[in-house]
Amino acid sequence: MILPVAKLGTLLLKTMSKPIATRLKTEASRHPKFRQLIINLAQANHRISTNIQRRVYGHSTSVEIRPLNEEKAVQAAADLIGELFVFSVAGAAVIFEVQRSARSEARKEEARKKEIEAYLL
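Since the model is a prediction, treat every value here as computed from it, not as a measurement.

Student: Report on the packing of helix H2 (residues 32-57) against helix H3 (residues 70-120), specifying residues and quantitative values.
Tutor: Where H2 contacts H3, the two axes come as close as 8 Å, and the packing angle between them is 90°. Judged by the angle between their axes, H2 and H3 are roughly perpendicular. Residue-level contacts link Phe34, Arg35, Ile38, Ile39, Leu41, Ala42, Gln43 and Asn45 of H2 to Glu70, Glu71, Ala73, Val74, Ala76, Ala77, Leu80 and Ile81 of H3. Tallied by class, residues from the contact of H2 with H3 come to 11 nonpolar, two polar and three charged.

If you want it as structure tokens, here you go:
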């Protein structure tokens, strides 16, 4: 009975995190210092992903990579931040569920040990 409720709660938590991620994306593109930080993040991500793609396809990696324009960089970084937030919430929910399950198993195992000890005595 508790498992479907826990799964439903996890789904609800992930669904509720999406509007928060959208809000984070909006605010990230407005705040000047944070905007510069996310532009730098997007440019670094662009360089790394382009170099990886070039290596995968066997192209030269010594070619200069043109940076993204500012608006594309802000949009890419804001999307990245939003997705990271949603995935971190989902990851936290999974970790919580695993820990809860482990505690439950530990309680069951302890009860079995006590039952065996009581039977042997």
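From this point on, the discussion continues.
Student: Run through a nonpolar patch on the surface, naming residues and quoting values.
Tutor: A contiguous nonpolar surface patch, about 460 Å² in accessible area, is contributed by Ile48, Ile52, Val56 and Tyr57. Residue position: valine 56 is located in helix H2. Residue valine 56 is classed as exposed on the basis of its relative accessible area, which comes to 61%.

Student: Can you lay out the environment of proline 19 for me, pointing to particular residues and giving the numbers?
Tutor: Structurally, proline 19 is set in helix H1 (residues 2-30). On the basis of relative accessible area, proline 19 is assigned to the exposed category, the value being 53%. On a C-alpha basis, the gap between proline 19 and glycine 82 in space is 9.3 Å, while along the polypeptide they are 63 residues apart.

Student: Explain H2 to me, and be specific about the residues and the numbers.
Tutor: The end-to-end C-alpha distance of H2 is 37 Å, a good match for the 38 Å that 26 residues give at a rise of 1.5 Å each. Listed as buried for H2 are Arg35, Ile38, Ile39, Ala42, Gln43 and Thr50.

What counts, and at which threshold
Residues numbered from 1 in each chain as written. Predicted model: local features only at pLDDT ≥ 70, side-chain atom pairs only at ≥ 80, totals over all residues. Heavy atoms only, no water. Axes fitted to C-alpha atoms, helices over the stretch in contact; angles between N-to-C directions. Helix = DSSP H or I, 4+ residues; strand = E, 2+ residues; numbered from the N terminus. Parallel < 35°, antiparallel > 145°, perpendicular 65-115°, else oblique. Contact = heavy atoms within 4.5 Å. Nonpolar A, V, L, I, M, F, W, Y, C, P; charged D, E, K, R; others polar. Patch = residues over 30% accessible without salt bridge, like charges linked within 9 Å, V, L, I, M, F, W, Y side chains within 5 Å. Areas by Shrake-Rupley, 256 points an atom, 1.4 Å probe, with all protein chains shown as cover. Salt bridge = Lys/Arg side-chain N within 4 Å of Asp/Glu carboxyl O. Buried < 20%, exposed > 50% of the residue type's maximum accessible area, 1.4 Å probe, protein only. Expected span 1.5 Å × (residues − 1).

So far we have only geometry, and geometry alone does not tell us how the molecule works.
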